[in-house]
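Structural features, examined
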Amino acid sequence: NSAAVLDLVAKVEFAEAVNLWLGRMPIPSDRASLSTVWALAPWSLPGKYDDYAPVPPAGVHPSAGPRQGDNDRGDGVTLWGQFGGGRFKYYLGVFGLDAPTTSPLYSARINLSLLNPEPGFRSASTYYGGKDVLALGAGVQHQTDGSLPTAPSTATISDFNELNVDLLFEKNGGTAGVLDLEGAFAKLWGDNEAASYQFFALASYLVPIDIGIGRFQPLLRIQHAGKGSAADADDSTRVDAELGYLIDGHHARFVSVYQYTKAHSQTENAIVFGLQLLSHGR
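Treat the numbers as computed from the prediction; the structure is a model and nothing was measured.

When helices and strands are tallied, the protein chain shows one helix and 13 strands. For 282 residues, the compact-globule estimate of 2.2 N^0.38 gives 19 Å, and the protein chain sits close to it at 19 Å. Overall, the protein chain is about 60 × 50 × 35 Å in size when its C-alpha atoms are taken along their principal axes. Buried residues in the protein chain amount to 45% of all 282 residues.

Here is the structure:
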């Protein structure tokens, strides 16, 4: 019910290998965080299990996986760079600088693209056949006193630590279509975390035939979060079965999704329809 600035960045770019960004931006931790919802193949970011809970949980925990901030953004500073036009990229970030009463969140990431470079600060979780990709990434996060209990719990505050790895493989087979395989695993430490680990596996196929003004892309994503140390923690599982209709890649697409979720001893079923329109302007 309100508007907020998503991205507002001052950039000091010394060279391809050394760039300093200050402001509000995606927190560089894993591929999904740097893709944001705009450059994912599935409709929603991984690690979110309470979107359509019949009975919302009493406490609000952060999403399972790396910390991503409000609206999947953070206020802070990132030193980042790339080599080989984006074949190798590194990120070193400090966030939460807008909240001086809490400790900052430190977030770092490296990414190696073995087939084709992925230039720029952001990444994408699919290129819809625009390039062949085999990319490996790893990230780490730390926040002193960053694992907080939810009200009305009086549990002791502890440090938050997180380690993640991810893999993306995309192959354009021409007349055979585009195959996309993606996976990620995150391990979390903290006495008040809802999840001790989070992983997902994804497969999609972009058909090589135009039907009308676009092409269809069936997609399946399975994700699971293991029970953490928080008093109200529980295992969570979610399955997304999606059919996308791509008119202009990320710039114009329509999706229909069936979502099955089991979390907090509840079973959730949802059917979601989404339309995404983005300008080509930079």
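From this point, the discussion proceeds with the structure in view.
Position of Gly-146 among the secondary structure elements: in strand β6 (residues 133-147). The class of Gly-146 is buried, set by a relative accessible area of 8%.

What follows covers unusual backbone geometry. Phi is positive for Thr-36, which is not a glycine, with a value near 55°. The topology assignment puts Thr-36 in the loop between α1 (31-35) and β3 (74-83).

Once that is clear, we can look at the packing of aromatic side chains. For the structure shown, the criterion picks out eleven aromatic pairs. Measuring from centroid to centroid gives 6.2 Å for Trp-80 and Tyr-91, while their planes differ by 15°, and the two rings are stacked. You can see Trp-80 sitting in strand β3 and its partner Tyr-91 sitting in strand β4 (residues 88-95), a full eleven residues away along the chain. For the residue pair Trp-80 and Tyr-91, the accessibility class agrees, reading buried in each case. These aromatic residues form a ring-pair network of at least three members: Trp-21, Trp-80, Tyr-91 and Phe-121. For Lys-131, the ring lying beneath its charged end belongs to Tyr-127, and the centroid distance is 4.8 Å.

The next thing to look at is the pattern of salt bridges. Applying the stated criterion across every chain, the model contains eleven salt bridges. In this structure, Asp-7 and Arg-73 form a salt bridge, with 3.0 Å as the shortest nitrogen-oxygen distance. Of this pair, Asp-7 sits in the segment before β1 (8-15) while Arg-73 sits in the loop between α1 and β3, and the two are 66 residues apart along the sequence. Residue Asp-7 is classed as partly exposed on the basis of its relative accessible area, which comes to 33%. Residues Asp-72 and Lys-48 are paired through a salt bridge, measuring 3.7 Å at the closest nitrogen-oxygen approach.

Conventions and cut-offs
Residues numbered from 1 in each chain as written. Predicted model: local features only at pLDDT ≥ 70, side-chain atom pairs only at ≥ 80, totals over all residues. Heavy atoms only, no water. Helix = DSSP H or I, 4+ residues; strand = E, 2+ residues; numbered from the N terminus. Rg over C-alpha atoms; globule rule 2.2 N^0.38 Å. Buried < 20%, exposed > 50% of the residue type's maximum accessible area, 1.4 Å probe, protein only. Phe/Tyr/Trp six-rings, centres within 6.5 Å; stacked < 30°, edge-to-face > 60°. Lys NZ or Arg CZ within 6 Å of the ring centre and 35° of its normal. Salt bridge = Lys/Arg side-chain N within 4 Å of Asp/Glu carboxyl O.

These results come straight from atomic positions and should not be treated as a statement about function.
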